[in-house]
Amino acid sequence: MRTRTIRLVQEILEDNLEVHPEKVALICDGRRLTYVQIDEMAQRLANALSDHGVRRGDRILIYLLNSVEAVVSAFAALKAGAIFSVVDYATKPDKLASIAADCTAMALITHSHQAELAAQLMDATPSLKFALLTGETGGWQGA
């Protein structure tokens, strides 16, 4: 009989972090990040999510272009115990508002040039408590 193993996605990052911390894990837009760099970035963002009240089972929308920040955001959500939904960056604002309301998202992670959209979404979506914005050089700030 074959033994089945069920693993969480974040465990793959953690396992590779332990075995190959300095190995390049992600190449995107000319940036090369190792497992340890991704883990450190994800942990900082997970801490920020937790500091803003995100708890296990809360929902987070990730509204970013395919990028390092999108990958880190997904791992951060998992580290925080949250459920994330990646929303296509081409999604129109009214559809994004509908998605946020339908899934009762608590947080939005998006690019800093979407700050106005984030504010409008928070006004229109009672469950949406805060947004974290990423800028040109990476990193996140609260909104």
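Residues numbered from 1 in each chain as written. Predicted model: local features only at pLDDT ≥ 70, side-chain atom pairs only at ≥ 80, totals over all residues. Heavy atoms only, no water.

1. Quick notes on the nonpolar core
Okay, step 1: Counting residues in each nonpolar core, the largest one holds 30 residues, and the members touching the most others are I38, L49, V54, I60, V68 and I109.
Okay, step 2: For this core, the secondary structure elements donating two or more residues are α1 (9–19), β1 (24–28), α2 (35–51), β3 (59–63), α3 (68–79), β5 (107–111) and β6 (130–134).
Okay, step 3: Residues Y63, V87, L96 and L128 belong to the second largest nonpolar core, which totals 15 residues. (Core = buried A, V, L, I, M, F, W, Y, C linked by side-chain atoms within 4.5 Å. Buried < 20%, exposed > 50% of the residue type's maximum accessible area, 1.4 Å probe, protein only. Helix = DSSP H or I, 4+ residues; strand = E, 2+ residues; numbered from the N terminus.)

2. Observations regarding the pattern of salt bridges
Okay, step 1: One pass over the structure, following the stated rule, counts two salt bridges.
Okay, step 2: With a closest N to O distance of 2.7 Å, K79 and D39 form a salt bridge. One end of the pair, K79, is in helix α3; the other, D39, is in helix α2, and 40 residues separate them in sequence.
Okay, step 3: Taking relative accessible area as the criterion, K79 reaches 26% and is therefore assigned partly exposed. (Salt bridge = Lys/Arg side-chain N within 4 Å of Asp/Glu carboxyl O.)

3. Observations regarding the side chain of T34
Okay, step 1: Structurally, T34 can be placed in strand β2 (residues 31–34).
Okay, step 2: Every residue in contact with T34, bar those within four places of it in the chain, is listed here: P21, E22, K23, V24 and A25. (Contact = heavy atoms within 4.5 Å.)

4. A closer look at the environment of A119
Okay, step 1: Here A119 is to be found in helix α5 (residues 115–124).
Okay, step 2: What makes A119 partly exposed here is its relative accessible area of 34%.
Okay, step 3: With eleven residues separating them along the chain, A119 and F130 place their C-alpha atoms 8.7 Å apart.

5. A look at the environment of F84
Okay, step 1: Here F84 is to be found in strand β4 (residues 83–86).
Okay, step 2: F84 gets classed as partly exposed once you look at its relative accessible area, which sits at 29%.
Okay, step 3: For F84 and D58, which are 26 residues apart along the polypeptide, the C-alpha to C-alpha distance reads 8.4 Å.
Okay, step 4: Residues contacting F84, with those up to four places away along its chain left out, are I60, I62, A74, A77 and L78.

6. Focus on the pairing of β3
Okay, step 1: Burial of β3 is extensive: four of the five residues sit out of reach of the surface.
Okay, step 2: Handedness of the crossover is the feature at issue here: the chain leaves β3, passes through α3, returns alongside β4, and the resulting connection is right-handed. (Right-handed = clockwise from strand over helix to strand, strands pointing away.)

Remember that the coordinates give geometry; whether it matters functionally is a separate question.
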